[in-house]
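Summary of the model geometry
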Amino acid sequence: QVQLVDSGGSVVQAGDSLRLSCVASGRTFSNYAVGWFRQASGKDKDFIASMTSTGIGTSYADSVKGRFTISRDNAKNTVYLHMNSLKPEDTAVYYCAARYADGNYLPSRSFAFNVWGQGTQVIVSS
């Protein structure tokens, strides 16, 4: 399976934008569905967004829909999370995840993913 390294977390102000990156290595990235999750201090790990291996199908949590966008560039073995209009409640450790799948698989639960990045911290100040 692939290995994932996520990065791009930073300290930003409310209303700012930020892009997180997740670089995959080890196997053919185009065969994996991908997703992003986040975990605030003392909270559960919550679903944010996911994308099918084809890059066509996407799913978003209601809390980020319209503000966050998941994308992938298989030529670069990278998945991105573009975050706009950031709010203090977006503060969390963000994790990318992947699961070997066909082009129609679009998971939105943490247990559906079996490969995870190490996490990258995003802090949104007011």
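Note: the structure precedes this text.
First, a word on what this report is: a plain description of the structure on this page. (Residues numbered from 1 in each chain as written. Predicted model: local features only at pLDDT ≥ 70, side-chain atom pairs only at ≥ 80, totals over all residues. Heavy atoms only, no water.)

A few words now on the packing of aromatic side chains. In the structure shown here, the tally under the stated rule is 5 aromatic pairs. Arranged with centres 5.8 Å apart and planes meeting at 70°, the rings of F37 and F47 form a pair that is edge-to-face. With F37 in strand β4 (residues 32-39) and F47 in strand β5 (residues 45-51), this pair connects stretches of sequence that are 10 residues apart. There is no split in this pair, since F37 and F47 are both buried. Both rings, one in F37 and one in W116, keep their centres 5.1 Å apart while their planes meet at 55°; by these two values the pair is tilted. Here the residue F37 occupies a position in strand β4, and W116 occupies one in strand β10 (residues 115-116), the gap between them amounting to 79 residues. Three or more aromatic residues joined by ring pairs make a cluster, and in this case those are F37, F47, F113 and W116. Its end group placed over the ring of Y95, K45 keeps NZ or CZ at 4.4 Å from the ring centre. Positioned over the ring face of W116 is K45, at 4.3 Å from the centre of the ring. (Phe/Tyr/Trp six-rings, centres within 6.5 Å; stacked < 30°, edge-to-face > 60°. Helix = DSSP H or I, 4+ residues; strand = E, 2+ residues; numbered from the N terminus. Buried < 20%, exposed > 50% of the residue type's maximum accessible area, 1.4 Å probe, protein only. Lys NZ or Arg CZ within 6 Å of the ring centre and 35° of its normal.)

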